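Chain residues, written in single-letter form:
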Amino acid sequence: MVQFLPFAALRPRPEFAAKTAAPPYDVVSVAEARALAADNSYSFLHVSRPEIDLPDDLDPTDERVYAAGRDNLHLMVASGILTPDPTPGYLIYRQQLGSQIQTGVVGLASVSEYETGVIARHELTRPDKELDRVRHIDALGVHDEPVFLLYPDSETLSTLLGEVTAGEPEIELLTDDGVSHQLWRVGDSESVDAFRAAFATLPRVYIADGHHRSAAAARVATRRAGQGDAEVEGFLSVVFGAGDLTLLPYNRAVADLAGESPSSLLKRLDASFEIVPSAKAVEPAARHDFGLRLADGWYRLRLRPGLVDENNPVARLDVSVLQNLVLEPLLGIGNPRTDPRISFVGGSRGMAELDRLVESGTAAAAFSLYPTSVGDLMALADAGEVMPPKSTWFEPKLASGLFLHDFSGELDAEKE
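I will try to describe carefully the structure that is included in this document. Model, not experiment: these values are computed from the prediction. (Residues numbered from 1 in each chain as written. Predicted model: local features only at pLDDT ≥ 70, side-chain atom pairs only at ≥ 80, totals over all residues. Heavy atoms only, no water.)

**Details of the packing of helix α4 (residues 63–78) against helix α6 (residues 127–140)**
In plain terms, the rule: Axis definition: a line fitted to C-alpha atoms, limited for helices to the stretch in contact. Angles are taken between N-to-C directions and run from 0 to 180 degrees. Secondary structure elements are defined from DSSP: runs of H or I of at least 4 residues count as helices, runs of E of at least 2 residues count as strands, and each element is numbered from the N terminus. Angular relationships are summarised with four words: roughly parallel below 35 degrees, roughly antiparallel beyond 145, roughly perpendicular across 65 to 115, and oblique for the angles in between. The sense of a crossing depends on the near helix, which, turned anticlockwise from the far helix by less than a right angle, makes the crossing left-handed and, turned clockwise, makes it right-handed. In this description, contact between two residues means that some pair of their heavy atoms is separated by no more than 4.5 Å. Side-chain classes are defined by residue name, with Ala, Val, Leu, Ile, Met, Phe, Trp, Tyr, Cys and Pro counting as nonpolar, Asp, Glu, Lys and Arg as charged, and the others, Gly among them, as polar.
Between α4 and α6, the shortest axis-to-axis distance is 8 Å and the interhelical angle comes to 40 degrees. Relative to α6, the element α4 is oriented oblique. Both α4 and α6 take part in a crossing whose hand is right-handed. Within the contact between the two elements, α4 uses E63, Y66, G69, R70 and L73 and α6 uses D132, R135, H136, A139 and L140. Per-class residue counts for the contact of α4 with α6 are 4 nonpolar, 2 polar and 4 charged.

**Overview of the pattern of salt bridges**
The condition is simple: Note on definitions: salt bridges are taken to be side-chain nitrogens of Lys or Arg within 4 Å of carboxyl oxygens of Asp or Glu. Summary of the burial criterion: residues with accessible area below 20% of their type's maximum are buried, those above 50% are exposed, and those between are partly exposed, where the area comes from a 1.4 Å probe applied to protein chains only.
On inspection of all chains with the given rule, the structure shows 26 salt bridges. In this structure, R185 and D85 form a salt bridge, with 3.2 Å as the shortest nitrogen-oxygen distance. Here R185, found in strand β8 (residues 180–186), pairs with D85, found in the loop between β2 (82–84) and β3 (90–97); they are 100 residues apart in sequence, far enough to count as distant. Judged by relative accessible area, R185 falls into the partly exposed class, the value being 22%. The class for D85 is buried, based on a relative accessible area of 10%.

**Some points on the nonpolar core**
For clarity, the cut-off: By nonpolar core we mean a set of buried residues, namely Ala, Val, Leu, Ile, Met, Phe, Trp, Tyr and Cys, connected to one another through side-chain atoms within 4.5 Å.
The biggest cluster of nonpolar side chains holds 60 residues, and the ones touching the most others in it are L150, F367 and F403. The residues contacting F403, other than those within four sequence positions of it, are A9, L10, R11, L91, Y93, V106, D144, P146, L183, L236 and V238. The next biggest cluster of nonpolar side chains, apart from the first, holds 38 residues, and it includes V118, L149, F195 and V232.

**Brief notes about the packing of aromatic side chains**
Formally: In this analysis, rings of Phe, Tyr and Trp, with Trp reduced to its six-membered ring, are considered paired at centre separations within 6.5 Å, and the interplanar angle assigns stacked below 30 degrees, edge-to-face beyond 60, and tilted for intermediate values.
Tallying each qualifying case throughout the model produces 12 aromatic pairs. Note on Y93 and F403: the rings are 5.3 Å apart at their centroids and 75 degrees apart in plane angle, and the pair reads as edge-to-face. Of the two residues, Y93 is situated in strand β3 and F403 in the loop between β18 (393–394) and α14 (410–415); the sequence distance between them amounts to 310 residues. A residue is classified by how much of its surface remains accessible, and Y93, at 0% relative accessible area, is buried. With a relative accessible area of 1%, F403 lands in the buried category. Considering the side-chain rings of F148 and F240, the 5.1 Å spacing of their centres and the 50 degrees angle between planes classify their relative orientation as tilted.

**Concerning the pairing of strand β4 (residues 100–110)**
Worth spelling out the cut-off: One bridge is not enough; two strands pair if DSSP finds at least two bridges between them.
For β4, the tally of buried residues reaches 10 of 11 residues, placing the bulk of the element in the interior. The sheet contact formed by β3 and β4 spans 7 bridges and is antiparallel. Residue pairing across strands places L91 opposite V106, the latter belonging to β4. Linking β3 to β4, which pair antiparallel, is a turn of 2 residues; within it G98 sits at a positive phi near 65 degrees. Of the strand pairs in this sheet, β4 and strand β10 (residues 234–241) are connected by 7 bridges, and their pairing is antiparallel. Residue pairing across strands places A109 opposite F235, the latter belonging to β10.

**Observations regarding unusual backbone geometry**
A cis geometry characterises the amide bond from E395 onward to P396, with omega recorded as 5 degrees. Summarising the element assignment, P396 is placed in the loop between β18 and α14. Although it is not a glycine, H288 adopts a positive phi angle of roughly 70 degrees. You can see H288 is positioned in the loop between β13 (273–278) and β14 (289–294). One non-glycine residue, K390, adopts positive backbone phi at about 55 degrees. Summarising the element assignment, K390 is placed in the loop between α13 (374–382) and β18. The class of K390 is partly exposed, set by a relative accessible area of 39%.

**A look at the sheet that holds β3**
What links the strands of a sheet is backbone hydrogen bonding, and the strands pair in either a parallel or an antiparallel sense. The strand order across the open sheet built from 8 strands is β5-β9-β6-β10-β4-β3-β8-β7, with neighbouring strands paired in mixed fashion. On the outer flanks of this sheet lie β5 (119–120) and β7 (171–174), each paired with one strand and no other. Along the sheet, α13 contacts β5, β6 (147–151) and β9 (205–209); its crossing angle with β9, the most-contacted strand, is approximately 120 degrees.

**A short note on the environment of A38**
Looking at the secondary structure, you find A38 in the loop between α2 (30–37) and α3 (45–48). Sequence separation between A38 and I52 is 14 residues, and the spatial gap between their C-alpha atoms is 9.3 Å.

**A look at the pairing of strand β17 (residues 365–368)**
Alternating residues of β17 divide into A365 and F367 and A366 and S368, and every residue in both groups is buried. Two strands pair when backbone bridges link them, and strand β12 (residues 250–254) and β17 are joined in this way by 3 bridges, in the antiparallel orientation. Across the sheet, the residue bridging to V254 is A365, located in β17. By the bridge criterion, 3 bridges tie β14 to β17 in an arrangement that is antiparallel. Counted as the bridge partner of R293 is A366 from β17.

In C-alpha cells, the structure reads:
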C-alpha cells in the first residue's frame, strides 16, 4: 500500500512561471547555471544553485552557500513570485519532448515507506552528494526539487489523469531545452480522495531519479524529529506510470586502450562478441547488441550466446555485460565510479558525441549501448539489487521551481 499524499504546493504565479522554471541543480555546472540565470532574478537557479550569486572561489559546501539559497527563496516568497496553494491537493504535471509525452502526479511520498522499501531504490548514494542535499534542504526548510518516481501502470490512475487533463492547464510553458510543461491542479475533495485511494492500491513505487534527494529527505526528517515541522515526513515527488516513460542510452567513452592497439583489442573482443565492421554509427537495436567506435570507424558487437545469466537481473544488463566482459578485463577499468579514464554520455547527445570524442582524441574508444528498460529497473529493485553506475537516463528531466513543498511551515508563517 502506497501513501502518496496531497499538499499545499508553493508555486510561481502563472505570469512568472516561464522565468522561474529551471533545469535541475545537478544537470548544469555553476558556469552554465550562472549564464542561464544572468539578468533573470526570477530564475529558480538562485535557490537551487545559490553559489551563482557568490564569489567563484567560495567552496560550494560553505555554509554561506546554503544561507544564500534560503535568503533567495524567502525573497521570492516575500516579493510574491512564489505563492502557496490555498488547500492541500495534487498537481498533474505533463511534459512533452518531441513525440515523448509523460504525465505524472505531484504529491508527497512517505519517508517511512522509503525506509521500509515500499519506495524501492536501485542505486547507491555518494556520501558527499547526500550530505550536500541534507544541508541544502535543511537550510531551506523546503523540498525544492522533486524526486522522480514511477509506478506499474494502473488503469484507475490513467482514467483519473485523463479526466483532469481534458481541461485547460493552469500553467503552460516551453523551456529552452525544447520541453513543453503543463500543470493542472486537483483541489476538490472528491478528486483528491480518488487519487489518494488509487495510489493506496499499488504495492510499491520505484525511484527513477533522485536517490540522493530521497536519502536526504529521510535524514532531514530524522534531524528535525520533534521540532514541530508540519510535513517533514513527506517529500516532494512526481510519480509517472511506467508505460509513459522512455529510458535513453547511457553510453561510455574510454580515454585509452590500456596498452592495446585497436587490432589487438578487436582480436580479444572476438572471444565474447561477433564483430561486424559498420560504415555508419552503430545505434544498438536490441539487448546485447553494442557499438564500438575506434579511430578507424565503427564496429557492431553482438554478444555470443551462453555468456550471461539471463535470470540474474544485474548480470543481464548491458551495462554489466560491457563492464564484466570488456571494460574491466580488457581495458583495466575496475571501478567505473572512480576511474578517471571512463566518461559517460547520456541521453540525446547520441552517436555524434561519441564520434566527436574519438575524432578529437579525447577518447580512444567509445561504446554505444541499448538502453536499460523500465522493466529491468523494476525487476532489479524488486530483487533488492543495485544497478551499476550510470545505468539509466530518463529524459525529459523534471523542471525545478514549478512546485515546492514547505515542510517546515516557516514561509506560510512569515506571510501571515
